[in-house]
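Each chain, written out:
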Amino acid sequence: MNKTAIILGATGVTGNLLLEKLIADTTYSKVILFSRSSVNNSSSKIEEHLVDLLELSNYKDAFIADEVFCCIGTTASKTKDKALYKSIDYGIPVNAAKLAKQNNINTFIVMSSMGADASSTVFYNRTKGEMERDVLKQKITNTFILRPSLIGGERKEFRLGEKIGKGIMTILNPLLIGGLRKYRMIHPEKIASCMQALAKEHYNEVLINSDKILSIVNTKK
């Protein structure tokens, strides 16, 4: 097969892991990236567009693929302005879904977060929930929303609160069993592997928590 994929957020940890997987996957002949900065990868499969992602709707003619993977996300500590925060975590995925719908792209896979709820009083959870709601409004045939818990792995930038949280979760993970499995910390490689698998298989569930992410990945082994 000679499929084309679009990745938004390929400079982030999960997005970059996904990029490496799609480059190695013979199913794909092209991987189109829309990013603010270059991923500095010389693969011949990559078509890179360095753009302002807040103006993504201006690039409709280049937004052509079989699948879209959206790995966009920021944090309150990194983006303190709530309006800007929402324009990133809500605006970019929703605009990408609209472009996908307009260009007849039938698979849209997006990272959200556990706790996403459009009616939440917590700004972060509400923003993610509103994003999910409005992505689903586009009625793209194969839409999958991943809701990971705390994401492990190492980031380029240091985040003290996240570092502490990961240390605590490393201790707690083995204790989270049964219905609590979805709260376990999850490695970004597992999320990337799940996104890759979802693009190839048909799943009945749209909202995919951490425990389901791991189940899908383990099934593909």
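Let us look at the structure shown here. Just so it is clear, the model here is predicted, and its values are computed rather than measured.

The rules behind the values
- Residues numbered from 1 in each chain as written.
- Predicted model: local features only at pLDDT ≥ 70, side-chain atom pairs only at ≥ 80, totals over all residues.
- Heavy atoms only, no water.
- Patch = residues over 30% accessible without salt bridge, like charges linked within 9 Å, V, L, I, M, F, W, Y side chains within 5 Å.
- Areas by Shrake-Rupley, 256 points an atom, 1.4 Å probe, with all protein chains shown as cover.
- Salt bridge = Lys/Arg side-chain N within 4 Å of Asp/Glu carboxyl O.
- Helix = DSSP H or I, 4+ residues; strand = E, 2+ residues; numbered from the N terminus.
- Buried < 20%, exposed > 50% of the residue type's maximum accessible area, 1.4 Å probe, protein only.
- Expected span 1.5 Å × (residues − 1).
- Contact = heavy atoms within 4.5 Å.
- Phe/Tyr/Trp six-rings, centres within 6.5 Å; stacked < 30°, edge-to-face > 60°.
- Lys NZ or Arg CZ within 6 Å of the ring centre and 35° of its normal.
- Core = buried A, V, L, I, M, F, W, Y, C linked by side-chain atoms within 4.5 Å.
- Pairing = 2+ DSSP bridges.
- Right-handed = clockwise from strand over helix to strand, strands pointing away.

## Things to note about a nonpolar patch on the surface
Thought 1: Where nonpolar side chains cluster on the molecular surface, the patch consists of Leu 136, Val 206 and Leu 207 and spans about 200 Å² of accessible area.
Thought 2: Tracing the sequence through the fold places Val 206 in the loop between helix 5 (188-198) and strand 7 (207-209).
Thought 3: The class of Val 206 is partly exposed, set by a relative accessible area of 31%.

## Topic: helix 3 (residues 123-136)
Thought 1: Relative to the 20 Å expected for 14 residues at 1.5 Å per residue, helix 3 spans 20 Å between its end C-alpha atoms, a close match to the ideal helical length.
Thought 2: Among the 14 residues that make up helix 3, ten are buried, leaving the element largely enclosed by the rest of the structure.
Thought 3: Of all the residues in helix 3, the buried ones are Phe 123, Asn 125, Thr 127, Lys 128, Gly 129, Glu 130, Met 131, Glu 132, Asp 134 and Val 135.
Thought 4: In this fold, the buried residues of helix 3 make contact with helix 2 (82-102), strand 5 (107-111), strand 6 (142-147) and strand 7.

## Comments concerning the packing of aromatic side chains
Thought 1: For the structure shown, the criterion picks out three aromatic pairs.
Thought 2: Note on Phe 34 and Phe 63: the rings are 5.4 Å apart at their centroids and 35° apart in plane angle, and the pair reads as tilted. In this pair, Phe 34 sits in strand 2 (residues 28-35) while Phe 63 sits in the loop between strand 3 (46-50) and strand 4 (67-70), placing the two residues 29 residues apart along the sequence.
Thought 3: According to the relative accessible area criterion, Phe 63 is buried, its value standing at 0%.
Thought 4: Ring geometry for Tyr 85 against Phe 123: centres 5.4 Å apart, planes inclined by 55°, an arrangement best described as tilted. Taken together, the positions of Tyr 85 in helix 2 and Phe 123 in helix 3 put the pair 38 residues apart, joining distant regions of the chain. Per residue, the accessibility class of Tyr 85 equals that of Phe 123, and both read buried.
Thought 5: Over the aromatic face of Phe 123 sits the side chain of Lys 82, whose NZ or CZ is 5.1 Å from the ring centroid.
Thought 6: Over the ring of Tyr 90 we find Lys 86; its NZ or CZ atom is 5.4 Å from the centre of that ring.

## Some points on the nonpolar core
Thought 1: Membership of the largest hydrophobic core comes to 31 residues, with the highest contact counts inside it found for Ile 7, Leu 19, Phe 69 and Met 195.
Thought 2: Broken down by secondary-structure element, the contributors of at least two residues to this core are strand 1 (3-8), helix 1 (13-24), strand 2, strand 5, strand 6, helix 5 and helix 6 (210-219).
Thought 3: Setting aside chain neighbours within four positions, we find Ile 7 in contact with Gly 15, Leu 18, Leu 19, Leu 22, Val 31, Ile 32, Leu 33, Phe 34 and Phe 69.
Thought 4: One finds Phe 63, Ile 72, Leu 99 and Val 135 within the second-largest nonpolar core, a separate group that totals 26 residues.

## Topic: the pairing of strand 6
Thought 1: Within strand 6, five of the six residues are buried, which leaves the element mostly enclosed by the surrounding structure.
Thought 2: Sheet analysis places strand 5 next to strand 6, joined by five bridges and oriented parallel. In the strand pairing of strand 6, Thr 107 is matched with Asn 142.
Thought 3: Handedness of the crossover joining strand 5 and strand 6 through helix 3 is recorded here as right-handed.
Thought 4: In terms of strand pairing, strand 6 meets strand 7 through three bridges, oriented parallel. Counted as the bridge partner of Arg 147 is Asn 209 from strand 7.

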